[in-house]
Amino acid sequence: MATARGASEPGTIVAAHGRRYVIEVAGGERLDCVPRGKRSEVACGDRVGIRRTAANQGVIETLAPRSSLFYRSDAFRQKIVAANVSQVVVVLATSPTFYEELLNRCLVAAECGGARAVIVLNKCDLPTASQALDDLGVYAALGYPVVPLRAREHVNELVPWLAGQTSVLVGQSGMGKSTIINMLLPEARVPTAEVSSALDSGRHTTTHATLHRLAPDTSVIDSPGMQEFGLHHLRQTDVDAAFPEFRPFIGRCRFANCRHLQEPDCAIDAATASGHVARRRLAAYRSIVRDLPRVS
Ligand SMILES: Nc1nc2c(ncn2[C@@H]2O[C@H](COP(=O)(O)OP(=O)(O)O)[C@@H](O)[C@H]2O)c(=O)[nH]1
Ligand SMILES: [Mg+2]
Ligand SMILES: [Zn+2]
């Protein structure tokens, strides 16, 4: 039975294109909606209350509390990547080279946003696979699952990690996110690099986030490729907490407000020198902390 025009109705945002949103309501019907206010602070995965304005259209009126929020920010604005995800899947590939800094920033945003993180290493059919897997040993040792994949052939290794979760796929473009979505959901037919170069449109990049349902309790959000991942919204204590290997050393520096950048008698620096913290992780930590707005 259709809900009477004018009554508020719950739905989930399944696609976000700028200020236009596709909302899925009970029964799977999809509506084109715009937010009521000027600013759109909702994102793919958000649960909202909408009011119908025409046959397939509506206005977003309310936003339900979120269980998690995965977002990035620079000095000027924040960009919500996805809301209410239980898991962030960082998609890397053996080629082209991935930015390890971006991986670290995604892990920090996941930890701080309340989502679990899983690392996928795609294109393991290429000869650079064993080196790339070795490089990711640091992350596996920290407890992050590292899932090797050959998405052009199949995605069987990833399927069990997605079951029962709402996941967002993030990463640089060219890593194979769209290929993974198409393997999971052939009917999604997300354009990949080949398709667009064949059409010579140059528009292979995913420009907006889309939520795909794999099963009633399992969904995957495809997000646009990113080169940078600003974390200006965090405080240093948030960043500290997102580096699990720092925990035994926090509070042991000479200065209580040590930023672990270049202070004397820094316990994190000492832990790195003695091999308890990986140099690449400390470097990523320092880059994130140097970018934070100074509060004092
Ligand atoms: N060799 C190899 N290439 C892959 C694999 N998965 C994806 N690719 C290729 O990598 C390129 C980028 O893939 P795409 O899915 O568009 O990446 P996206 O930008 O992350 O969405 C395409 O040419 C894909 O065919 C894989 O497992 N092995
Ligand atoms: Mg893509
Ligand atoms: Zn320190």
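Residues numbered from 1 in each chain as written. Chains lettered and ligands numbered in written order. Predicted model: local features only at pLDDT ≥ 70, side-chain atom pairs only at ≥ 80, totals over all residues. Heavy atoms only, no water.

## So, the coordination of the zinc ion (ligand 3)
So, point 1. Around the zinc ion (ligand 3), the protein contributes the donor atoms C253 (SG), C258 (SG), H260 (ND1) and C266 (SG), at 2.1 to 2.5 Å from the metal centre.
So, point 2. For the zinc ion (ligand 3), the four donor atoms in the first shell make angles of 101 to 115 degrees at the metal, so the coordination geometry reads as tetrahedral.
So, point 3. Expressed as a motif, the donor residue spacing for the zinc ion (ligand 3) is C-x4-C-x1-H-x5-C. (Donors = N, O, S within 2.8 Å, 3.2 Å for Na, K, Ca; no water. Tetrahedral: all angles 85-135°; square planar, octahedral: opposite > 155°, others 65-115°.)

## Comments concerning the packing of helix α1 (residues 100–113) against helix α9 (residues 279–291)
So, point 1. Interhelical geometry of α1 versus α9 gives an angle of 70 degrees and a closest axis separation of 10 Å. With respect to α9, the element α1 is oriented roughly perpendicular. Contacts between α1 and α9 involve E100, E101, N104, R105, L107 and V108 on the former and, on the latter, R280, R281, A284, S287, I288 and D291.
So, point 2. Here the contact of α1 with α9 is built from residues that sort into four nonpolar, two polar and six charged. (Axes fitted to C-alpha atoms, helices over the stretch in contact; angles between N-to-C directions. Helix = DSSP H or I, 4+ residues; strand = E, 2+ residues; numbered from the N terminus. Parallel < 35°, antiparallel > 145°, perpendicular 65-115°, else oblique. Contact = heavy atoms within 4.5 Å. Nonpolar A, V, L, I, M, F, W, Y, C, P; charged D, E, K, R; others polar.)

## Brief notes about the pattern of salt bridges
So, point 1. According to the stated counting rule, one finds 15 salt bridges in the structure shown.
So, point 2. With a closest N to O distance of 2.7 Å, E24 and R213 form a salt bridge. Here E24 is found in strand β2 (residues 20–25), whereas its partner R213 is found in strand β12 (residues 209–215), with 189 residues between them in sequence.
So, point 3. Residue R213 is classed as partly exposed on the basis of its relative accessible area of 35%.
So, point 4. Residue E245 is joined to R281 by a salt bridge in which the shortest nitrogen-to-oxygen separation is 2.7 Å. In this pair, E245 is assigned in the loop between α7 (236–241) and α8 (267–273) and R281 in helix α9, connecting sequence segments 36 residues apart. Like E245, the residue R281 is buried in the burial classification. (Salt bridge = Lys/Arg side-chain N within 4 Å of Asp/Glu carboxyl O. Buried < 20%, exposed > 50% of the residue type's maximum accessible area, 1.4 Å probe, protein only.)

## Side note on the environment of I13
So, point 1. Secondary-structure assignment places I13 in strand β1 (residues 8–17).
So, point 2. The spatial distance from the C-alpha of I13 to the C-alpha of I60 is 9.8 Å, given a sequence separation of 47 residues.
So, point 3. When sequence neighbours within four positions are dropped, the list of residues in contact with I13 reads Y21, V22, I23, V42, A43, C44, G45, D46, V48, I60 and L211.

## With respect to the side chain of Q236
So, point 1. Secondary-structure assignment places Q236 in helix α7.
So, point 2. Look past the residues within four positions of Q236 in its chain and what remains in contact with it is C258, R259, H260, Y285, V289 and L292.

## Topic: the pairing of strand β7 (residues 78–83)
So, point 1. Strand direction decides the pairing type here: strand β6 (residues 69–73) and β7, joined by five bridges, are antiparallel. Residue L69 lies in a different strand from β7, and its bridge partner there is A83.
So, point 2. Counted along the chain from β6 to the antiparallel partner β7, the turn is four residues long. (Pairing = 2+ DSSP bridges.)

## Brief notes about the domain arrangement of the protein chain
So, point 1. Domain boundaries in the protein chain define domain 1 (8–63), domain 2 (69–222) and domain 3 (236–291).
So, point 2. Put simply, the middle of domain 1 and the middle of domain 2, counted by C-alpha atoms, are 25 Å apart.
So, point 3. Listed by partner, the interface residues are 14 residues for domain 1 and 10 residues for domain 2.
So, point 4. Carbon and sulfur atoms supply 52% of the area that domain 1 and domain 2 bury against each other, a total of about 950 Å² over both sides.
So, point 5. Across the domain 1-domain 2 interface, the total number found is one salt bridge.
So, point 6. No other element matches the six residues that β1 contributes to the side of domain 1 that touches domain 2.
So, point 7. Grouping the constituent residues of the side of domain 1 that touches domain 2 by class yields six nonpolar, three polar and five charged. (Domains from an automatic or database assignment. Buried area = accessible area lost by both parts, 1.4 Å probe.)

## Details of the nonpolar core
So, point 1. With 74 residues, the main nonpolar core has F70, V168, V170 and I180 as its most contacted residues.
So, point 2. With near-sequence residues (within four places) excluded, F70 lies in contact with I80, V81, A82, V85, V88, C106, A109, A110, V168, V170 and F229.
So, point 3. Residues A16, C33, V42 and I60 belong to the second largest nonpolar core, which totals 11 residues. (Core = buried A, V, L, I, M, F, W, Y, C linked by side-chain atoms within 4.5 Å.)

## Describing the packing of aromatic side chains
So, point 1. Within this structure, the stated rule accounts for four aromatic pairs.
So, point 2. When the centroid spacing of 5.5 Å and the interplanar angle of 50 degrees are considered together, the rings of F70 and F229 count as tilted. One end of the pair, F70, is in strand β6; the other, F229, is in the loop between β13 (218–222) and α7, with 159 residues separating them in the sequence. Note on accessibility: F70 and F229 belong to one class, buried.
So, point 3. With a centroid separation of 5.3 Å and an interplanar angle of 90 degrees, the aromatic rings of F243 and Y285 are classed as edge-to-face. Taken together, the positions of F243 in the loop between α7 and α8 and Y285 in helix α9 put the pair 42 residues apart, joining distant regions of the chain. Each member of the pair, F243 as well as Y285, carries the same accessibility label: buried. (Phe/Tyr/Trp six-rings, centres within 6.5 Å; stacked < 30°, edge-to-face > 60°.)

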